[in-house]
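Residue-level structural notes
Chain by chain, the residues run as shown.
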Amino acid sequence: MSDNELTGADARAWLLAFADRVVADADELTELDRQAGDGDFGWNIGSALKRARANLDGDDPAAVFQSGSDTFLASGGTSGPLFGLWFGRLGAGPSASWSVPDLAGAFETATGAVRRLGKAEVGHKTMVDAMVPATHALATTGSSHWREALREAAVAARAGAESTSGMVAHRGRASYLGERAREVLDPGAVSIAWFFEAADGI
Amino acid sequence: MSRFFMNERETLVPQALEGLVEAHGGLVEVHTDPLFVTRRTPATGKVALLSGGGSGHEPLHTGFVGTGMLDAAVPGDVFASPTALQVRAALRAVDAGEGTVMVVKNYTGDVLNFSIAAELLAETHRVEQVLVDDDLATQKEDDGGPGRRGTAAVVAVEKVCGAAAEAGAPLSEVRALGQDVVARSATLSVAFEACTNPMTGKRSFELEPGRMEFGVGIHGERGIETRAATEAAALVESLVDPLVASVGIRRGDRVLAIVNGLGATHGLELGVAARETRRVLDGRGVTLARSLVGPYVTSLDMKGLSITLTALTDDLVKLWDAPVRTPALAW
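Residues numbered from 1 in each chain as written. Chains lettered and ligands numbered in written order. Predicted model: local features only at pLDDT ≥ 70, side-chain atom pairs only at ≥ 80, totals over all residues. Heavy atoms only, no water.

As a working rule, side chains carrying opposite charge can pair if their charged atoms are close by. All names here are of chain A. Taken as a whole and judged by the stated rule, the model has 34 salt bridges over all chains. A salt bridge links Arg-151 to Glu-148, with the shortest nitrogen-to-oxygen separation between them at 2.7 Å. In this pair, Arg-151 and Glu-148 are both assigned in helix 8 (residues 146–163), 3 residues apart and thus about one turn of the helix distant. Residue classification places Glu-148 among the partly exposed positions, given a relative accessible area of 36%. (Salt bridge = Lys/Arg side-chain N within 4 Å of Asp/Glu carboxyl O. Helix = DSSP H or I, 4+ residues; strand = E, 2+ residues; numbered from the N terminus. Buried < 20%, exposed > 50% of the residue type's maximum accessible area, 1.4 Å probe, protein only.)

A few words on the interface of chain A and chain B. Contact residues are listed per partner, giving 16 residues for chain A and 12 residues for chain B. Counting each side, the surface lost to burial between chain A and chain B is near 1200 Å², with a carbon and sulfur contribution of 62%. Among the residues of chain A in contact with chain B, Leu-73, Arg-89 and Leu-117 of chain A are the three that bury the most area, contributing 44% of the side total. The interface formed by chain A and chain B includes 4 salt bridges. For the pair chain A and chain B, the interface holds 5 residue pairs in polar contact (both at pLDDT 80 or more). Broken down by secondary-structure element, the contributors of at least two residues to the side of chain A that touches chain B are helix 4 (61–73), helix 5 (79–90) and helix 6 (100–118) of chain A. (Contact = heavy atoms within 4.5 Å. Buried area = accessible area lost by both parts, 1.4 Å probe. Polar contact = N/O pair within 3.5 Å; in protein donor to acceptor, adjacent residues only side chain to side chain.)

All names here are of chain B. Assigned domains of chain B: these are domain 1 (9–182) and domain 2 (185–311). Taking only C-alpha atoms, the centre of domain 1 and the centre of domain 2 are 23 Å apart. The interface of domain 1 with domain 2 comprises 26 residues on the first partner and 30 residues on the second. Between domain 1 and domain 2 the total buried area reaches about 2100 Å² when both faces are included, carbon and sulfur atoms providing 66% of it. For the domain 1 face of the interface with domain 2, the top three residues by lost area are His-57, Phe-79 and Leu-136, together amounting to 25%. Where domain 1 meets domain 2, there are 1 salt bridge. Where Glu-221 meets Arg-149, a salt bridge forms, and the shortest distance between an N and an O atom there is 3.2 Å. Counting residues per element, the ones that place at least two in the side of domain 1 that touches domain 2 are helix 4 (153–166) and helix 5 (171–183). (Domains from an automatic or database assignment.)

Our focus in this paragraph is the packing of helix 1 (residues 8–24) of chain A against helix 4 of chain A. Any two packed helices are characterised by how steeply their axes cross, that is the angle between the axes, and by the distance between the axes. Residues and elements named next belong to chain A. Where helix 1 contacts helix 4, the two axes come as close as 7 Å, and the packing angle between them is 30°. The angle between helix 1 and helix 4 falls in the class roughly parallel. Seen from above, helix 1 lies across helix 4 with right-handed handedness. Between helix 1, through Gly-8, Ala-11, Arg-12, Trp-14 and Leu-15, and helix 4, the contact on the second element is made entirely by Pro-61, Val-64 and Phe-65. The residue makeup of the contact of helix 1 with helix 4, split by class, is 6 nonpolar, 1 polar and 1 charged. (Axes fitted to C-alpha atoms, helices over the stretch in contact; angles between N-to-C directions. Parallel < 35°, antiparallel > 145°, perpendicular 65-115°, else oblique. Left-handed = near helix turned anticlockwise from the far one by under 90°. Nonpolar A, V, L, I, M, F, W, Y, C, P; charged D, E, K, R; others polar.)

Right, let's get into unusual backbone geometry. The amide bond that connects Asp-33 of chain B to the next residue, Pro-34 of chain B, takes the cis arrangement and shows omega of -5°. Among the secondary structure elements, Pro-34 of chain B is positioned in the loop between strand 1 (28–32) and strand 2 (35–39). Note that the residue after Leu-60 of chain B, namely His-61 of chain B, is joined by a cis bond; omega there is -20°. Secondary-structure assignment places His-61 of chain B in the loop between strand 3 (48–55) and strand 4 (72–78). Its identity as a non-glycine residue notwithstanding, Lys-119 of chain A has a phi of 50°, on the positive side. Positioned with a positive phi, Lys-125 of chain A is a non-glycine residue whose angle comes to about 65°.

All names here are of chain B. By the definition in use, this model includes 3 cavities of 30 Å³ or more. Roughly 40 Å³ of internal volume is contained in the largest cavity. Forming the walls of the largest cavity are Gly-52, Gly-53, Gly-54, Ser-55, Glu-58, Leu-60, His-61, Thr-62, Ala-73, Val-74 and Pro-75. Of all the secondary-structure elements, those providing two or more residues to the lining of the largest cavity are strand 3 and strand 4. Of the residues belonging to the lining of the largest cavity, the class tally is 4 nonpolar, 6 polar and 1 charged. (1 Å grid on protein atoms, 1.4 Å probe; cavity = no way out; pocket = protein on both sides within 12 Å on 5 of 7 lines; lining within 4 Å. Points joined across faces, edges and corners; volume = space filled by probe spheres on them.)

With that settled, the discussion passes to the packing of aromatic side chains. Any pair of aromatic rings gets described here by the distance separating the centres and the angle formed by the planes. Under the definition given, this model contains 23 aromatic pairs over all chains. Counting every residue linked through ring pairs, the aromatic cluster contains Trp-14, Phe-18, Phe-65, Phe-72, Phe-83, Trp-86, Phe-87, Trp-98, Phe-107, Phe-195 and Phe-196 of chain A. It is Arg-227 of chain B that lies over the ring of Phe-214 of chain B; its NZ or CZ is 3.7 Å from the centre. (Phe/Tyr/Trp six-rings, centres within 6.5 Å; stacked < 30°, edge-to-face > 60°. Lys NZ or Arg CZ within 6 Å of the ring centre and 35° of its normal.)

Turning next to the packing of helix 7 (residues 128–140) of chain A against helix 9 (residues 187–197) of chain A. Residue and element names in this part refer to chain A. Running from N to C, helix 7 and helix 9 cross one another at 30°; their axes reach a closest spacing of 8 Å. Classified by the interaxial angle, the pair formed by helix 7 and helix 9 is roughly parallel. Of the residues in helix 9, those touching helix 7 at Ala-130, Met-131, Ala-134 and Leu-138 are Ala-189, Ile-192, Ala-193 and Phe-196. Split by residue class, the contact of helix 7 with helix 9 holds 8 nonpolar, no polar and no charged.

This is the structure:
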């Protein structure tokens, strides 16, 4: 195993950093959801992550993501279960430390599952708008260190999240508001950007 | 205080399931963490059949767990999908090595959570899905929307698939039979009074005296049209005729009719509705070969009824007639 590979401990620290960010800034997500949905998004994902924090464990990244998925799968609504699916499919990745190609492969599988079962594509103003560019960045990076690769993924995810302002929703609750929610960022996409950004600095 | 009979709102569903076991402990068992219901004695060597969805439709689905029908039912909260975690736990519990067919009514939350659960078990379990979307009132040109709702035809699907699985049919055949029943079925519903929200005690909509809501669903939502209430004969005609046309039933065809109470419709009323269904079908030259009459897919205490027609084949008649022993259905 080289330093270039993401270990279970790294993955755990990454998810904890993501949980801290969401818990600290839940109001921001809630406010976005209040403008474009039903206002419970920040609360839902925050409470799932709070409960997940206690259970995060595993020797490799797959096991850690797997341990984080159950509390999302136990949540209602749409975004919670889709987060659970995403983490659950990451949990099907290699049972060892992850090289950058491992990381890219795991996110390819996980993001593909969310697109398929969530019936969402880029441009629909959902979490997929941040997931897909981040996954693409991992697949095409020239970097061989996970930290560098995830930094590129975070930039792509952020740009994807920002692009949801200006989109008219086709899926999720925001689709009922149509044009009225056009300028609002999608809270699901923003939380995906936060997820990749959380890997920086661990 | 709400007129809905319960203790705390949070314990409504699990406490009702405790009661189900009091009445039918020989047939069903309740698992509490996470919540799902299985047969008391698990079946072996057969395809497993699983269904579920929001509560408030009792006896659906928990009342259909038992020999010849479901192996497990996964209840959500009132009118809310069960979680993917519940469905995954139930899928793991019932898989006897021959694979599992999930019967899912077409609602966004149900489809999402059942599909996620199956996806997460894809490496270790064979899981197939039958999507039930029989409600004619929600028929639309394909607009990329959610499609027709799933309602009372789900009983026919669970009965037929359950009988086939019990008889040893393989996974692909059980699924294909389920899809065939869906394709051969359509349902229309009417309500005279909306259902009561357990928390607020308020009805989900109000109807003027002498009016009825045509094309309602099973979640207290309004229908497609408010009409003048008519007597039973004309009302049943207005439900049955579109169904006959929709399922493509011709003179001489045989059908199953499910005359279903939506929660607060009396057995006397359903009896009249069943009689009128026979009369209307006779008039169209259609043979009513089998009838199921009673409150099977309810919408809390909605006062109304639904009629489902399923076009039958010889095989479907045999599977419908096969023995079944569940809390809500037994012959």
